[in-house]
Amino acid sequence: MTEGISRSVRAAAQHGAVRDASRLINLGDILYQLGTLLYRKSLRYTALTAGIACLGYFSSFAGLPGFSGKQALVLPLIVGGVTLLSGVLLRVIPAVIASRQMMVAQANDMNLMEDYRKGEADAHLRDLWDRAYRYEYRLAEEVAGREPDWQAGEKAFFDLARRALKSHLSQPREYFELGIDLHHYEDWRDGAYFDPSDIKLLEQYEGDSGITAVKRWCGFGMFDALRQMPTRFAQRAWMTLITRAVAIHVADAVDSLNRKHRTDVFNAQVLIWPGEENASWFDRFPGAKEEVLHRRRKLMLRVFGADRATARNMLDRMFAPNFELATELRTRFDPEYCTGGLRYDVSDDLDNAEFLQDRRLKRRTQRSVARARGEMEAFNDHLAQAHPSLAEPQRAEDLRAVRIAFHTDRKGLKRRFLAGQSQSQTGTQTQSEDATSTSEALRVISTELVELATKDTDCYSRRLLSLRQHHELTRLERLGYYRLVDALWPE
C-alpha cells in the first residue's frame with residue numbers, strides 16, 4: 001500500500017471528506033446531536049408554551065375556551081421538563097456507551113500497540129541513519145580529517161542507538177554520557193497505533209523546547225500560527241473520529257470473542273496486530289480465527305472505506321499535516337535541505353507527495369528554495385573571500401552554523417548583507433574606494449554573523465539534528481500506518 005496507487009485514483013478518493021466523516025458516525029452520535037438540540041432548545045420551548053398557556057388563560061375571561069390557572073402553570077413546566085430531560089438522556093446515554101467502549105479498548109491493551117511500533121526499531125533506525133545521523137558522522141569525520149567509512153559509521157550508530165534504547169536513562173544523561181540524542185524517537189515510540197495517545201509528533205511540534213527555539217530563530221510568529229490553525233483543527237477532528245471508531249469496533253470484538261469462547265485472553269491486539277490470528281494459541285479456540293478476520297474486515301471497511309485509496313486518504317488526514325508543517329519549518333531552518341549537501345532535498349520529498357493536505361505548500365516551498373539557493377550562493381562566494389578560515393576541515397561545524405544563521409536571518413543580518421550587496425551591484429560607483437567601502441561594509445556584516453553563529457555552534461548542531469529527527473519521524477509515522485493498514489486489509 002505504500003506504493004502502487006495511482007495519482008488519479010488518489011485524487012478521485014480525496015473529494016469524499018463528507019462521505020468519509022459520515023461513515024465514522026453511528027446511531028449514538030445522531031442521538032447525541034439530537035439530545036444536544038433538545039437540551040439547547042428546552043428553554044425556548046418552555047417560553048413558547050408559557051406564552052400559549054397565558055393566552056389560553058386570559059382568553060377564558062372573554063368567554064372563550066382556554067386554560068385554567070393550574071393548567072397554564074403546569075403545561076409549560078411539563079413541556080420544558082420533558083424536553084430538558086429527553087435532551088439530557090439522549091446526550092448522556094450515547095456518551096456513556098461510547099466512553100465505556102473506549103475504556104474497554106484501552107483496558108484490553110489498545111495502548112500496547114506501541115509494542116508493534118517498537119518492533120519496527122531496526123527499520124526506523126536505518127531511516128534515521130540515512131536521512132539524519134549519517135551527516136553528523138560525515139561532519140565528525142571531516143573535522144577529524146578522515147574519510148568517512150560509511151559501513152563502520154552505520155554499525156557504530158546502530159550499536160549506540162540500541163544501547164540507548166535499552167539504557168532507560170534520563171534523556172539528558174543519555175545525551176551527555178552516551179553521546180546520542182534520540183529523545184524525539186523515544187517519545188514517538190510511546191505512541192500506539194490507532195490510539196488517541198499517538199499524537200507525540202503533534203505535541204513535539206507545538207511544545208518541544210528545541211523545536212520552539214528553531215521556530216523563534218526562523219521568525220515563526222503569530223501569523224504562521226494562525227495560518228496553521230485550521231490545518232491543526234481539522235487534523236485533531238479526524239484523529240478523534242478515526243481513533244474513536246476503531247476503539248468502538250475493537251471493544252465490540254473483544255467482548256464478543258471473550259464471551260463466545262468463555263475466556264479473557266482476547267484483546268485489542270488480536271484484531272489490529274497483523275498475523276496474530278495465525279499464532280499457535282488460537283488453536284485452543286475453534287472458530288476464533290475466522291471471527292477475528294470477519295471483525296477485522298468489518299473494521300477496515302467501515303472505518304477506512306471500501307478501497308485502499310480511500311484508506312490512504314483517511315490516514316493522510318490524520319498524519320500528513322505533521323509532515324507538512326515539519327517540512328515547512330525545516331525548509332526555513334536547514335539550508336542543506338534546500339540548497340544541497342544531502343542525498344535528498346525538499347524537492348525530492350515533495351515531488352511525489354500526492355498525500356499533501358495543504359495544496360499550496362509545494363508552490364510556497366519552490367519559491368523559498370529558489371530564493372534560498374541564490375542567496376546562499378552569493379553568501380558562500382563572500383565567505384570564501386572574506387573568511388577563508390571557515391573552509392578549513394576542522395571548522396566544518398562552525399561553517400554549517402554560520403550558513404544556518406544566514407539562512408534564518410538571525411538578527412536581520414541576512415537582509416542587511418543582501419541589501420548591501422544589491423546596492424553594490426546596482427549602484428553607479430566608478431571609483432575603487434567606493435567598491436572598497438562596500439566590500440568592507442559587507443565584511444563587517446558577515447563578521448558579526450560569523451561571531452554570532454560560532455558562539456552557539458553546539459546549539460545549532462543540536463537543534464538541526466533535533467529538527468531533522470522530528471521531520472523524519474513525521475515521514476515514518478505516515479508510512480508506518482500505510483504498511484499496517486495494508487497488512488490488515490482484507491484480501
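Residues numbered from 1 in each chain as written. Predicted model: local features only at pLDDT ≥ 70, side-chain atom pairs only at ≥ 80, totals over all residues. Heavy atoms only, no water.

**Notes on the nonpolar core**
In this structure, F194, V246, V250, I272, L299 and F304 are the most contacted members of the largest nonpolar core, which totals 58 residues. In this view, F194 contacts M110, T243, V246, I272, F304, Y481, L484, V485 and L488; residues no more than four positions away in its chain are not counted. Among the nonpolar cores identified, the runner-up in size contains 30 residues, and F333, M376, F379 and Y460 belong to it. (Core = buried A, V, L, I, M, F, W, Y, C linked by side-chain atoms within 4.5 Å. Buried < 20%, exposed > 50% of the residue type's maximum accessible area, 1.4 Å probe, protein only. Contact = heavy atoms within 4.5 Å.)

**Re a nonpolar patch on the surface**
A surface patch of nonpolar side chains, amounting to about 340 Å² of accessible area, comprises M222, L226 and M229. Mapped onto the elements of the fold, M229 is located in helix α12 (residues 222–260). (Patch = residues over 30% accessible without salt bridge, like charges linked within 9 Å, V, L, I, M, F, W, Y side chains within 5 Å. Areas by Shrake-Rupley, 256 points an atom, 1.4 Å probe, with all protein chains shown as cover. Salt bridge = Lys/Arg side-chain N within 4 Å of Asp/Glu carboxyl O. Helix = DSSP H or I, 4+ residues; strand = E, 2+ residues; numbered from the N terminus.)

**Comments concerning the packing of aromatic side chains**
Tallying each qualifying case throughout the model produces 24 aromatic pairs. Measuring from centroid to centroid gives 4.3 Å for F319 and Y481, while their planes differ by 25 degrees, and the two rings are stacked. Linking F319 in helix α15 (residues 308–333) with Y481 in helix α22 (residues 457–488), this pair joins segments that are 162 residues apart in sequence. Note on F319: relative accessible area 1%, which makes it buried. A cation over an aromatic ring shows up here: R131 above the ring of Y344, its NZ or CZ 3.9 Å from the ring centre. (Phe/Tyr/Trp six-rings, centres within 6.5 Å; stacked < 30°, edge-to-face > 60°. Lys NZ or Arg CZ within 6 Å of the ring centre and 35° of its normal.)

**Quick notes on helix α7 (residues 150–167)**
Its 18 residues place the ends of α7 25 Å apart at the C-alpha level, agreeing with the 26 Å of an ideal helix rising 1.5 Å per residue. When α7 is considered as a whole, its buried residues turn out to be G153, F157, F158, A161, A164 and L165. For α7, the arc enclosing every buried residue in end-on projection is 135 degrees, short of the 170-degree limit, so these residues lie on one face. The exposed residues of α7 that point more than 90 degrees off its buried face are Q151, K155, R163 and K166. Buried-residue contacts for α7 involve α6 (121–144), α8 (171–178) and α9 (183–189). Within two residues after α7, H168 carries a phi angle of roughly 55 degrees, on the positive side. (Expected span 1.5 Å × (residues − 1). Arc of directions from axis to C-beta.)

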